[in-house]
Amino acid sequence: MYDLIVVGGGPAGLTATIYGLRKRLNVLMVSKDLGGKTQWRLALPWIDDYQVIRGLEVVNKFKSELEYLDFARHMEAAEKIEKDGDNFVVHTHGGGELKTRAVIIATGAKQKTLKLPGEKEYMMKGLCYSALSYAPLFIDRQVVVIGDGDLALRATAELATIAQKVTLISQTDKILASPLGKKVKASKNVTTLFGYEVVEFKGDEFARTVVTKDPGGATVEVPSEGIFIEKALIPNSQMVQGLVELDNEGRISVDCGSRTNVPGIFAAGDVTAGFAEQVLIAVGEGAKAALSAYEYLLPKL
Ligand SMILES: Cc1cc2nc3c(=O)[nH]c(=O)nc-3n(C[C@H](O)[C@H](O)[C@H](O)COP(=O)(O)OP(=O)(O)OC[C@H]3O[C@@H](n4cnc5c(N)ncnc54)[C@H](O)[C@@H]3O)c2cc1C
């Protein structure tokens, strides 16, 4: 029986595991990989290397510590978590059943891709999925934002404050109904292409063009120095569906102490309904979830 199982090995899960070990808990991290999404980094032709701390640098120490502590990691997907009296069972992909007194879910969220020609080739080479992370690199540049919801609108609004030209490609003009939409509509450097279908991404070493079909079916090529695909994230929360409270988008609801509605289950990072998908936020939430789990476990230790 473990004191604590942490599911997920991204910034949130790595930090939670190291904090748990530091508190001398009997901890096991169950994960498909070590590092999660921290290996992503956008490459751009006009920037050799930008002076910010890389996500991987932030978590590398924790990662190498866990590579060394093989008793504290189990490299396999978790499929389901069930309650077993006051304890929990983590079911793994290979049929394993791991018993624990407390669990931290830190499984992150999946990016929605368009699965179009050129997308895989140019992913993170001028084409990315997070204006929240990368908009500030596009001062005076021409960029394209693709998406139909709040994320695309938010990305367009942020980019419009610094880019030379922003083209928003969306299936619907309803996206502009909100107060932020009205601000975007009034921005002189924003062009909107409603009802256009994106069919391909073209370029050389970097993405340079978004190929679209206009509502009449004619091909229109939009030149771009940066392409932002801004679609809602899909939280990896299936393993606790029906067990803990999720919001409308499937993200795990947590309180300010990273506690779910089920005593003994905690959650941290992109899988939760908290604000802003960022490495440093995930690291902080992982630490908080581990300390909360420790407070929960203390009377039982
Ligand atoms: C393209 C891209 C670029 C980004 N750039 C930046 C940036 O420049 N700066 C920044 O701060 N943030 C950036 N982010 C966001 C940042 O990467 C995330 O916010 C952060 O990694 C979230 O950490 P996490 O631990 O919650 O989840 P993740 O990093 O997604 O880690 C989730 C972990 O859970 C594991 N896992 C998932 N399902 C299971 C399962 N069923 N069983 C076991 N393990 C499982 C995964 O293998 C992984 O180890 C970027 C994100 C993307 C997609």
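Here's what I pulled together on the structure shown here. (Residues numbered from 1 in each chain as written. Predicted model: local features only at pLDDT ≥ 70, side-chain atom pairs only at ≥ 80, totals over all residues. Heavy atoms only, no water.)

## Topic: the site of the ligand
- In the region of the ligand, 31 residues are neighbours, and Asp33, Ala78, Tyr134, Asp270 and Val279 sit closest.
- Note that an oxygen atom of the ligand is positioned 2.9 Å from one of the backbone N or O atoms of Asp270.
- Gln278 places a main-chain nitrogen or oxygen 3.0 Å from an oxygen atom of the ligand.
- Taking 1,000 Å² as the accessible area of the ligand by itself, protein coverage stands at 89%.
- Elements represented by at least two residues in the shell around the ligand include exactly helix 1 (11-22), strand 2 (27-31), helix 4 (131-134) and helix 7 (279-297). (Near = heavy atom within 4 Å. Polar contact = N/O pair within 3.5 Å; in protein donor to acceptor, adjacent residues only side chain to side chain. Areas by Shrake-Rupley, 256 points an atom, 1.4 Å probe, with all protein chains shown as cover. Helix = DSSP H or I, 4+ residues; strand = E, 2+ residues; numbered from the N terminus.)

## A word on the side chain of Glu230
- Relative to the helices and strands, Glu230 resides in the loop between strand 15 (226-229) and strand 16 (234-235).
- Lacking a salt bridge, the buried Glu230 has Arg154 as its closest oppositely charged neighbour, with an N-O distance of 6.2 Å.
- Only 2.7 Å separates the side chain of Glu230 from the backbone nitrogen of Ala131, close enough to count as a polar contact.
- Leaving out residues up to four positions away in the same chain, Glu230 has contacts with Tyr129, Ser130, Ala131, Val145, Ile146, Gly147, Leu151, Ala152 and Ala155. (Buried < 20%, exposed > 50% of the residue type's maximum accessible area, 1.4 Å probe, protein only. Lys, Arg positive; Asp, Glu negative; His and termini not counted. Salt bridge = Lys/Arg side-chain N within 4 Å of Asp/Glu carboxyl O. Contact = heavy atoms within 4.5 Å.)

## A few points about helix 5 (residues 150-160)
- Taken residue by residue, helix 5 has Ala152, Leu153, Ala155, Thr156, Ala157, Leu159 and Ala160 as its buried positions.
- Of the surrounding elements, those touching the buried residues of helix 5 are helix 4, strand 9 (142-146), strand 10 (165-170), helix 6 (179-186), strand 11 (190-194) and strand 15.

## Observations concerning the pairing of strand 5 (residues 87-92)
- Judged by how many residues are buried, strand 5 sits mostly within the fold: 5 of 6 residues are covered.
- Pairing between strand 4 (residues 78-84) and strand 5: 6 bridges, direction antiparallel. Bridge pairing links Lys83 to Phe88 in strand 5.
- Both strand 5 and strand 6 (residues 97-105) contribute to a ladder of 4 bridges, which runs antiparallel. Bridge assignment links Val89 to a residue of strand 6, and that residue is Lys99.
- Hairpin connection from strand 5 to strand 6: 4 residues lie between these consecutive antiparallel strands, with Gly95 at a positive phi of about 95°. (Pairing = 2+ DSSP bridges.)

## Here's the deal with empty space enclosed by the protein
- Under the definition given, this model contains 1 cavity of 30 Å³ or more.
- Space inside the largest cavity adds up to approximately 60 Å³.
- Every residue lining the largest cavity is listed: Gly269, Asp270, Thr272, Gly274, Phe275, Ala276, Glu277, Gln278, Ile281, Ala282 and Glu285.
- Of the residues assigned to the lining of the largest cavity, the class counts are 4 nonpolar, 4 polar and 3 charged. (1 Å grid on protein atoms, 1.4 Å probe; cavity = no way out; pocket = protein on both sides within 12 Å on 5 of 7 lines; lining within 4 Å. Points joined across faces, edges and corners; volume = space filled by probe spheres on them. Nonpolar A, V, L, I, M, F, W, Y, C, P; charged D, E, K, R; others polar.)

## Quick look at the sheet that holds strand 12 (residues 197-203)
- With antiparallel pairing, the 3 strands of this open sheet are ordered in space as 12-13-14. The open sheet has two edge strands with one neighbour each: strand 12 and strand 14 (219-223). Taken pair by pair, the neighbouring strands of this sheet meet at an average axis angle of 25°, ignoring direction. (Axes fitted to C-alpha atoms, helices over the stretch in contact; angles between N-to-C directions.)

## What to know about the packing of aromatic side chains
- The full count for this structure, using the stated rule, is 3 aromatic pairs.
- Judged by centre distance (5.4 Å) and plane angle (80°), the ring pair of Trp46 and Phe138 falls under edge-to-face. Here Trp46, found in the loop between strand 2 and helix 2 (55-68), pairs with Phe138, found in the loop between helix 4 and strand 9; they are 92 residues apart in sequence, far enough to count as distant.
- Residue class for Phe138 comes out buried when judged on its relative accessible area of 0%.
- Among the aromatic residues, those joined into a ring-pair cluster are Trp46, Phe138 and Phe228.
- In this arrangement the basic side chain of Lys23 is found over the ring face of Tyr294, its NZ or CZ atom lying 4.9 Å from the centre. (Phe/Tyr/Trp six-rings, centres within 6.5 Å; stacked < 30°, edge-to-face > 60°. Lys NZ or Arg CZ within 6 Å of the ring centre and 35° of its normal.)

## Comments concerning the packing of helix 2 against helix 7
- Between helix 2 and helix 7, whose axes approach to 9 Å, the crossing angle comes to 30°. The orientation of helix 2 with respect to helix 7, classified from their angle, is roughly parallel. Residues Gly55, Val58 and Val59 of helix 2 form the contact with helix 7, whose participating residues are Val279, Leu280 and Val283. (Parallel < 35°, antiparallel > 145°, perpendicular 65-115°, else oblique.)

## Points about the nonpolar core
- Grouped together as the largest cluster of nonpolar side chains are 27 residues, with contacts concentrated most on Leu4, Val6 and Ile104.
- Those elements giving two or more residues to this core turn out to be strand 1 (2-7), helix 1, strand 2, helix 2, strand 6 and helix 7.
- Sort the elements by how many residues they give to this core and helix 7 lands first, with 7 residues.
- Other than its neighbours up to four places away in sequence, Leu4 contacts Leu25, Asn26, Val27, Leu28, Thr100, Ala102, Val103, Ile104, Ala293 and Leu297.
- Cys128, Ala135, Val184 and Val190 belong to the second-largest nonpolar core, a separate cluster that totals 26 residues. (Core = buried A, V, L, I, M, F, W, Y, C linked by side-chain atoms within 4.5 Å.)

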